[in-house]
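Spelled out from the first residue to the last, the chains are:
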Amino acid sequence: MEIKEISYGEFPDIFGLNKRFKPGGKKLKVVLDVFMPEGKKKADFSSVYRKLLKLLPTLERHKCGENLFKDLKNHHELSSEKVEEITHIAHLVEHVIIDLQSNITKMDSCSGITCGYKNPEHRFDLFIECRDEEVGRFSSFFAANLVKRLLLGKNPVKGDFRIIELVKYLRGQMPLAQKNELVSLESKVASDFGWTKRSVVSLFKELKNFGLWDSRALPNLPTL
Amino acid sequence: MNKLHWKNPGDLKTNIDQLIGFVENSTLRSELSGSKTKGGEGEEKLSHSTSKVEDQNLKLLKMPSKYATILTCSFEKDQKMVLGGKLLP
């Protein structure tokens, strides 16, 4: 799974594709290539979903046009057809992005669409209502990275919980785009959360890897 | 809740305007089976999973031609939804 491009705008061409889109609202467009993880013939969506719920419990409140979560909660596996499966993965990433940025930026509602290309079939455009471009970008990279790890059978780690908590905290301190004095913040974060300074430095580094403070370059995330 | 998952309307050869629309809280699946389907060459078939149809013209959506499928979703903070789609008290 790889994010090819992220852009931010109104995208009027796709406005009518989800009647819940708010008129004039800005959206994040994420171009996502989805491949089944190497060595995996079939995704265990049910397991991935249950793991996601531990990290993002408000996923349960999402309305999904595909009834994706209903099937997963009932421990039903989804279609194993190759194209369907990568479509479900892309759609799951979209849900995670929506949940992350909705919680971080305290959006009352957030809608999106997952558009699958005719060619190449593994490519998707995700359009998601977005109040804060930088949080949207972070949410996109974090979501893609997280879903990829979970599809490989891994579990959310303590750092995942902390990163989400930290981004919420930082956004409450000041606009994220002005985070050019991070060093001075590290001690305060460590003190406020009771985390070690070392772990805070490490988390800040991860946040940079997720593109939080660089709106131009695509993050150089490790290949999983 | 909308469910959209259709072949691009630009590919449709049948008149689907009277058949397909968006319906709040309904599911919709439309698919055209043409020469690439088991329906046989030249045969066109349109199916969808709901009988609820509104008058909205699918062609008015102007779905970009490069897309084959669209899936929708939304999150509303104050509306507690369980997975089955029922509202919690």
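Criteria and cut-off values
Residues numbered from 1 in each chain as written. Chains lettered and ligands numbered in written order. Predicted model: local features only at pLDDT ≥ 70, side-chain atom pairs only at ≥ 80, totals over all residues. Heavy atoms only, no water. Axes fitted to C-alpha atoms, helices over the stretch in contact; angles between N-to-C directions. Helix = DSSP H or I, 4+ residues; strand = E, 2+ residues; numbered from the N terminus. Parallel < 35°, antiparallel > 145°, perpendicular 65-115°, else oblique. Contact = heavy atoms within 4.5 Å. Nonpolar A, V, L, I, M, F, W, Y, C, P; charged D, E, K, R; others polar. Core = buried A, V, L, I, M, F, W, Y, C linked by side-chain atoms within 4.5 Å. Buried < 20%, exposed > 50% of the residue type's maximum accessible area, 1.4 Å probe, protein only. Pairing = 2+ DSSP bridges. pLDDT = per-residue confidence, 0-100. Salt bridge = Lys/Arg side-chain N within 4 Å of Asp/Glu carboxyl O.

### Here we look at the packing of helix α4 (residues 133-151) of chain A against helix α5 (residues 158-173) of chain A
Residue and element names in this part refer to chain A.
- Between α4 and α5, the least distance of the axes is 12 Å, while the angle of their chain directions is 175 degrees. Considering the angle they form, α4 stands roughly antiparallel to α5. Contacts between α4 and α5 pair Val135, Phe138, Phe142, Leu146 and Arg149 from the former with Asp160, Ile163, Ile164, Val167 and Arg171 from the latter.
- Tallied by class, residues from the contact of α4 with α5 come to 7 nonpolar, no polar and 3 charged.

### Some words on the nonpolar core
All names here are of chain A.
- In this structure, Leu52, Phe138, Phe142 and Leu166 are the most contacted members of the largest nonpolar core, which totals 57 residues.
- Those residues in contact with leucine 166 that sit more than four places away from it in its chain are Val189, Phe193, Trp195, Leu203, Phe204 and Leu207.
- Membership of the second largest hydrophobic core comes to 11 residues, among which are Leu17, Phe21, Ile113 and Phe127.

### Overview of the pairing of strand β4 (residues 109-117) of chain A
- Along β4(A), 8 of the 9 residues are buried, which leaves the element largely enclosed by surrounding structure.
- Bridging between β4(A) and strand β3 (residues 67-76) of chain B involves 9 bridges; their strand directions are antiparallel. Bridge pairing links Cys110(A) to Phe75(B) in β3(B).
- Looking at chain direction, β4(A) and strand β5 (residues 123-129) of chain A are connected through 5 bridges and run antiparallel. Following the sheet pairing, Ile113(A) is matched in β5(A) by Phe127(A).
- What sits between β4(A) and β5(A) in their antiparallel hairpin is a turn of 5 residues.

### As for the confidence of the model for chain B
Residue and element names in this part refer to chain B.
- Of all residues in chain B, 16% have pLDDT values of 70 or greater, and the mean over the chain is 43.
- Mean pLDDT across the elements of chain B bottoms out in strand β2 (residues 45-47) (28) and peaks in β3 (83).
- In the predicted structure, residues 80-89 sits below a pLDDT of 50 and forms 18 contacts with residues beyond four places in sequence or in another chain.
- Of the two predicted TM-score estimates for the complex, the pTM is 0.71 and the ipTM is 0.77.

### Some thoughts on helix α1 (residues 45-55) of chain A
- Among the 11 residues that make up α1(A), 8 are buried, leaving the element largely enclosed by the rest of the structure.
- Residues Phe45(A), Ser46(A), Ser47(A), Val48(A), Tyr49(A), Lys51(A), Leu52(A) and Leu55(A) constitute the buried set of α1(A).

### Considering the pattern of salt bridges
- Inspection of every chain in the model, using the stated rule, returns 8 salt bridges over all chains.
- Its salt-bridge partner being Lys22(A), residue Glu129(A) comes within 2.9 Å of it at the nearest N-O pair. In this pair, Glu129(A) is assigned in strand β5 and Lys22(A) in the loop between β1 (2-9) and β2 (27-33), connecting sequence segments 107 residues apart.
- Owing to a relative accessible area of 3%, Glu129(A) belongs among the buried residues under this scheme.
- Of the charged contacts in the structure, one is a salt bridge between Asp125(A) and Lys66(B), with a shortest N-O distance of 3.5 Å. Of this pair, Asp125(A) sits in strand β5 while Lys66(B) sits in the loop between β2 and β3, on two different chains.
- Connected through shared salt-bridge partners, Lys29(A), Asp125(A) and Lys66(B) make up one network.

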